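# Structure assessment
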Amino acid sequence: MHQRWLFKKPPRYGYLKRLYQAHRLHHAVDEKEGAVSFDFLYAPPVAELSKQLGQRRKAEKHADRTPL
């Protein structure tokens, strides 16, 4: 994806839009551990990736609150 996107604007519909959105969700976190991942040629539905990202963020917040 990086520097390989052939379009000037993000796609508005279809598979390429889903791939673009999945890539955006992949970079929604700063560190490697909390990122969602997917294949290069197949991206799961965006709702599924958003759900995974939400669960990981929730688990991360919960882990930060546990006493040592």
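Here is a short report on the structure shown in this document.

The rules behind each value
- Think of each chain on its own: its residues are numbered from 1, step by step along the sequence as written.
- Side-chain atom pairs in this predicted model are given and counted only at pLDDT of 80 or more, local residue features only at pLDDT of at least 70, and totals for whole chains, interfaces and linings cover all residues.
- With hydrogens and water set aside, each side-chain value is computed from the structure's full complement of heavy atoms.
- Strands are runs of DSSP state E lasting at least two residues, helices are runs of H or I lasting at least four, and both sets are numbered from the N terminus onward.
- Contact definition: two residues touch when any of their heavy atoms are within 4.5 Å.
- Method for areas: the Shrake-Rupley scheme with a 1.4 Å probe, in which residue coverage is limited to the protein chains shown.
- Between buried and exposed lies partly exposed: a residue is buried under 20% and exposed over 50% of the maximum accessible area for its type, with that area taken using a 1.4 Å probe on protein chains only.
- What we call a nonpolar core is a set of buried Ala, Val, Leu, Ile, Met, Phe, Trp, Tyr and Cys residues that are connected through their side-chain atoms within 4.5 Å.
- Each patch is built from salt-bridge-free residues with over 30% relative accessible area, joining like charges within 9 Å and nonpolar side chains (Val, Leu, Ile, Met, Phe, Trp, Tyr) within 5 Å.
- Each reported salt bridge corresponds to a side-chain nitrogen of Lys or Arg within 4 Å of a carboxyl oxygen of Asp or Glu.
- A helix is expected to span 1.5 Å for every residue after the first.
- It is the directions from the helix axis to the C-beta atoms that the arc portrays.

### Quick look at the overall build of the protein
Scanning the protein from terminus to terminus reveals two helices and zero strands. For the protein, contacts bridging at least 24 residues in sequence account for 38% of all contacts bridging at least 6. When the accessible area of the protein is evaluated, it comes to approximately 6,000 Å², of which 55% is carbon and sulfur surface.

### Details of the environment of Pro11
Position of Pro11 among the secondary structure elements: in the segment before α1 (14-26). The class for Pro11 is buried, based on a relative accessible area of 19%. Distance in space between the C-alpha atoms of Pro11 and Gln21 is 9.5 Å, their sequence separation being 10 residues.

### Examining the nonpolar core
Core analysis: the largest hydrophobic core is formed by nine residues, namely Leu19, Ala22, Leu25, Val29, Ala35, Val36, Ala43, Leu49 and Leu53. Those elements that place two or more of their residues in this core are α1 and α2 (46-65). By residue number, the principal contributor to this core is α1, which donates three residues.

### A few points about a nonpolar patch on the surface
A contiguous nonpolar patch, built from Leu6, Phe7, Tyr15, Leu16, Leu41 and Tyr42 and spanning about 660 Å² of accessible area, is present on the exposed surface. Taking relative accessible area as the criterion, Leu41 reaches 68% and is therefore assigned exposed.

### Some words on the environment of Phe38
Take Phe38: it is sitting in the loop between α1 and α2. A residue is classified by how much of its surface remains accessible, and Phe38, at 23% relative accessible area, is partly exposed. Between the alpha carbons of Phe38 and His26 there is a distance of 8.3 Å; along the sequence they are 12 residues apart. Aside from chain neighbours lying at most four places away, what touches Phe38 is Leu19, Ala22, His23, His26, Ala43, Pro44 and Leu49.

### Focus on the environment of Ala43
Mapped onto the fold, Ala43 is located in the loop between α1 and α2. The spacing of Ala43 and Tyr15 is 28 residues in sequence and 8.5 Å in space, taken between C-alpha atoms. Ignoring anything within four residues of it in the chain, the contact list for Ala43 reads Tyr15, Arg18, Leu19, Ala22 and Phe38.

### What about α1?
An α-helical turn contains 3.6 residues, so any two residues separated by three or four positions project in the same direction. Taking 1.5 Å per residue, 13 residues should reach 18 Å; α1 reaches 19 Å between its end C-alpha atoms and fits that length. Within the sequence span of α1, burial applies to Leu19, Ala22, His23 and Leu25. Summarising the axial view, the buried residues of α1 lie within an arc of 160°, below the 170-degree limit, and thus occupy one face. Facing away from the buried side of α1 by over 90 degrees, the exposed positions are Gly14 and Arg24.

Honestly, it's all geometry; don't read function into it.
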